[in-house]
Amino acid sequence: MPQIWMTYDELGTLCDCSSGDARLRAIHLSLDRKKSRDGATRVKLDLALTAKFFASVRESDFDLDSAIEALQATHRQMAELLTPNEVHGRRGVA
């Protein structure tokens, strides 16, 4: 299971509440919390909140499948430019 860590602001957005309420929720649910190097406290989502996070990503307007297909097409085009000349029927000068 992936670990998803969120700030209280991010958790508040996910749960449709304020960051203060998100903090109280994290304490109530005994979620793991840690202070990050950037100074922000982050909360590790439990299974139910992780499922809610993934559902929110799936429901977003962003078309992930199209983005993946475009990335793969770009990769193929770049790979074609890097193939040896012999593949394209040309020989290098020896």
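Please read these numbers as outputs of a predicted model, since none were measured by experiment.

Cut-off values and rules
Residues numbered from 1 in each chain as written. Predicted model: local features only at pLDDT ≥ 70, side-chain atom pairs only at ≥ 80, totals over all residues. Heavy atoms only, no water. Pairing = 2+ DSSP bridges. Helix = DSSP H or I, 4+ residues; strand = E, 2+ residues; numbered from the N terminus. Axes fitted to C-alpha atoms, helices over the stretch in contact; angles between N-to-C directions. Phe/Tyr/Trp six-rings, centres within 6.5 Å; stacked < 30°, edge-to-face > 60°. Buried < 20%, exposed > 50% of the residue type's maximum accessible area, 1.4 Å probe, protein only.

Engineer: Where do I start with the sheet that holds strand 2 (residues 33-35) in this structure?
Structural biologist: Sheet strands pair via backbone hydrogen bonds, and the direction of the pair is either parallel or antiparallel. The antiparallel open sheet is built from three strands, whose spatial order is 1-3-2. One side of each edge strand has no neighbouring strand; the edge strands of this open sheet are strand 1 (5-7) and strand 2. In this sheet, neighbouring strand axes are inclined to one another by 35 degrees on average, regardless of whether the strands run parallel or antiparallel. One ladder, built from three bridges, connects strand 2 with strand 3 (residues 41-44); its direction is antiparallel. Across the sheet, Lys35 pairs through a bridge with Thr41, a residue of strand 3.

Engineer: For this particular structure, what's the right way to read the packing of aromatic side chains?
Structural biologist: Aromatic ring pairs: the centre-centre distance and the angle between the two ring planes describe each pair. Counted under the stated rule, the structure contains one aromatic pair. Seen in terms of ring centroids, Phe53 and Phe54 are 5.7 Å apart; in terms of plane orientation they differ by 50 degrees. Their pairing is tilted. Of the residues examined, Phe53 reaches a relative accessible area of 22% and is grouped as partly exposed. On the basis of relative accessibility, which here comes to 30%, the residue Phe54 falls in the partly exposed class.

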